[in-house]
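Observations on the three-dimensional arrangement
The chain contents come next:
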Amino acid sequence: MIEGLKGEEGSLEEDLLNETVKWQEKAESLFGQLSGDERMLENISSYLSDSHYFLKQNDLIRAFEAVIWAWAWMEIGLEKSLLHRGPDEEISDQDPLIG
C-alpha cells in the first residue's frame, strides 16, 4: 500500500474497504433472490465466499476483485436468462458497479 495517498473521504485503503463491504452487501442481497443454473450459482457463491476470505486476510484488492466477479456473473446470468430473480430485487442502471 502506498502511504500518504488520500481520497476526498479518506485513505485509499479505507475507501477500498468501504466499497468492498458495500458491494458485498449488494451482491449478497441480489444473490439471495436468484434461482436458475446451479453451476453458475455455485460459481457466484464461491466468489462471494472468496471475497469474505480475502477481506478477513486484509487483502483488499482481491476481496474487491472477487465481489466484482460475483456481480459480473450475476449480471451475465440474468442477461442471458440463465438466472432469474425474485420480483423484489432489480439491478438499477442508475447504480453502476463502482460508484
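Whatever comes next refers back to the structure up there.
Now for a look at the structure at hand. These figures come from a predicted structure and were not determined experimentally.

1. A short note on the overall build of the protein
Each helix and strand counted, the protein has 3 helices and 2 strands in total. Going from N to C terminus, the protein has its helices and strands arranged as α-β-α-α-β. Relative to its full complement of 99 residues, the protein shows a buried share of 27%. Within the protein, contacts between residues at least 6 apart in sequence are counted, and of these 68% link residues at least 24 apart. Carbon and sulfur atoms make up 48% of the accessible area of the protein, which amounts to about 6,800 Å² in all.

2. Thoughts on helix 2 (residues 38–56)
With 19 residues, helix 2 extends 27 Å from end C-alpha to end C-alpha; this agrees with the ideal 27 Å at 1.5 Å per step. Taken residue by residue, helix 2 has Met40, Leu41, Ile44, Leu48, Ser51 and Leu55 as its buried positions. The arc that holds the buried residues of helix 2, viewed along the axis, is 105 degrees, so those residues lie on one side. Seen from the buried face of helix 2, the exposed residues on the opposite side, beyond 90 degrees, are Glu38, Arg39, Glu42 and Lys56. Those residues of helix 2 that are buried lie in contact with helix 1 (12–31), strand 1 (34–36), helix 3 (60–79) and strand 2 (83–85). Measuring from the backbone nitrogen of Arg39 back to the side-chain oxygen at the start of helix 2 gives 3.2 Å, which picks out Asp37 as the cap. Looking one or two residues beyond helix 2, the residue adopting positive phi is Asn58, at roughly 60 degrees.

3. Some thoughts on the nonpolar core
Counting residues in each nonpolar core, the largest one holds 15 residues, and the members touching the most others are Leu34, Ile44, Met74 and Leu83. Among the elements of the structure, helix 1, helix 2 and helix 3 are those that each provide at least two residues to this core. When residues of this core are assigned to their parent elements, the largest contribution, 6 residues, is made by helix 3. Sequence-distant contacts of Ile44, that is, excluding residues within four places in its chain, are made with Phe31, Ala70, Trp73, Met74 and Leu83.

4. Overview of the pattern of salt bridges
Tallied over the full model, the rule gives 2 salt bridges. A salt bridge links Glu19 to Lys22, with the nearest nitrogen and oxygen atoms 3.3 Å apart. Separated by 3 residues within a single helix, Glu19 and Lys22 lie in helix 1, roughly one turn from each other. Taking the shortest distance from any N to any O, the salt bridge between Asp59 and Arg62 comes out at 2.8 Å.

Definitions and cut-offs
Residues numbered from 1 in each chain as written. Predicted model: local features only at pLDDT ≥ 70, side-chain atom pairs only at ≥ 80, totals over all residues. Heavy atoms only, no water. Helix = DSSP H or I, 4+ residues; strand = E, 2+ residues; numbered from the N terminus. Buried < 20%, exposed > 50% of the residue type's maximum accessible area, 1.4 Å probe, protein only. Contact = heavy atoms within 4.5 Å. Areas by Shrake-Rupley, 256 points an atom, 1.4 Å probe, with all protein chains shown as cover. Expected span 1.5 Å × (residues − 1). Arc of directions from axis to C-beta. Polar contact = N/O pair within 3.5 Å; in protein donor to acceptor, adjacent residues only side chain to side chain. Core = buried A, V, L, I, M, F, W, Y, C linked by side-chain atoms within 4.5 Å. Salt bridge = Lys/Arg side-chain N within 4 Å of Asp/Glu carboxyl O.

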